[in-house]
Amino acid sequence: MQRSKRKNQWGLFIIYGYMVLPIVIFMFGWLRWYYALLFGGFILAAYVRSVVSDIVNVVDVFSKKDRKLWLAVSGISILWVLLAGIGGYCFQNYDHLYRNAIFHTLVDYDWPVISQDGSRAFIYYIGFWLPAACIGKLFNLEAGYLFQVVWAVSGILIVYGLICVYRRKANMLPLVFMIFFSGLDYVGTWLTNTGGGI
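Note that the structure is predicted; figures quoted are calculated from it, not measured.

The rules behind the values
For every chain, the first residue of the written sequence is number 1, and numbering continues from 1 onward in sequence order. Since the coordinates come from a predicted model, pLDDT governs what is reported: local features require at least 70, and pairs of side-chain atoms require 80 or more to be given and counted, while whole-chain, interface and lining totals use all residues. To obtain the side-chain values, all non-hydrogen atoms of the structure were used and water was disregarded. Only DSSP runs of H or I reaching four residues or more are called helices, and only runs of E reaching two or more are called strands; each is numbered from the N terminus. For every residue, the accessible area obtained with a 1.4 Å probe (protein chains only) is divided by the maximum for its type, and the residue is called buried under 20%, exposed over 50%, and partly exposed between those limits. Any two residues whose heavy atoms approach within 4.5 Å at even a single point are treated as in contact. Here the expected span of a helix is defined as 1.5 Å times the quantity of residues minus one. In this context, the arc is that of the directions from the helix axis out to the C-beta atoms. Pairing of aromatic side chains here covers Phe, Tyr and the six-membered ring of Trp, requires ring centres within 6.5 Å, and sorts the geometry by plane angle: under 30 degrees stacked, over 60 edge-to-face, intermediate tilted. Salt bridges are defined by distance alone: a side-chain nitrogen of Lys or Arg within 4 Å of a carboxyl oxygen of Asp or Glu.

Student: Would you explain the environment of H104 in this entry?
Tutor: On the secondary structure map, H104 appears in helix α4 (residues 95–108). Exposure remark for H104: the relative accessible area of 28% places this residue in the partly exposed category. As a C-alpha pair, H104 and G144 span 40 residues in sequence and 9.6 Å in three-dimensional space. Residue contacts for H104: discarding those within four places in its chain leaves L141 and Y145.

Next up, the structure:
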């Protein structure tokens, strides 16, 4: 029983950590240090309390018998993320022009990102890019792009795992649904013959 509880806490540590990390990075990158310490402390305290006290049975979908399934899901998720253009290792559609510009801005400029005259600030929903931007700042842009892939795959695996927990069984169906649900804009484009593609 104690071992099961430890497994649950590790699962919650990863799940909540994935959600909390971009918020903490934002606080320390965009707020004055004393506000960052204050609000960051509240967030971290809530994080620790949630990991310790929450009860989510993650053990059933992380058992040894499901190891091959998880390896397959991980491999497919990596391929899906790469083919989607994240990281720039495969074809990127026009959306990535804007996304890459946002990422370059976060890596190349000091935080908070503001114009030279101080009259304008960079405002966007940047949570996804912040962990990878930190890696890009510490090492280089290519390392940041690689970490985009790692971060995206991690998010997919977390969502997949939570769906399996909710359904109380682990199989490939949730991943298949996620992949095809996100690409149905192509079907509409093909049916209407409007060109844009994906």
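Student: It is not clear to me how helix α2 (residues 33–53) should be interpreted in this structure. Could you clarify?
Tutor: Residues lying three or four places apart along an α-helix face the same way, a consequence of the helix completing one turn every 3.6 residues. End to end, α2 covers 29 Å across 21 residues, agreeing with the expected 30 Å (1.5 Å per residue, within 8%). A36, G40, Y47 and V51 are the residues of α2 that are buried. For α2, the arc enclosing every buried residue in end-on projection is 30 degrees, short of the 170-degree limit, so these residues lie on one face. What points out from α2, more than 90 degrees from its buried face, is the exposed set F42, R49 and V52.

Student: Would you mind showing me how to read the packing of aromatic side chains here?
Tutor: Think of a pair of aromatic rings as described by two things: how far the centres are apart, and how the planes are tilted against each other in angle. Using the criterion set out here, one finds 13 aromatic pairs in the structure. Judged by centre distance (6.2 Å) and plane angle (15 degrees), the ring pair of Y35 and F39 falls under stacked. Here Y35 pairs with F39, and both are found in helix α2, just four residues apart, close to one helical turn. Since its relative accessible area comes to 41%, Y35 is described here as partly exposed. Among the aromatic residues, those joined into a cluster by ring pairs are W33, Y34, Y35 and F39.

Student: Would you take a moment to explain the pattern of salt bridges for this structure?
Tutor: Here the idea is simple: oppositely charged side chains can pair when their charged atoms come close. Taken as a whole, this structure holds one salt bridge when the rule is applied. R99 is the partner of D95 in a salt bridge, and the nearest nitrogen-oxygen pair spans 3.9 Å. Remark: R99 and D95 occur in helix α4; sequence separation between them is four residues, near one turn of the helix. With relative accessibility at 29%, the residue D95 sits in the partly exposed group. A relative accessible area of 36% places R99 in the partly exposed class.

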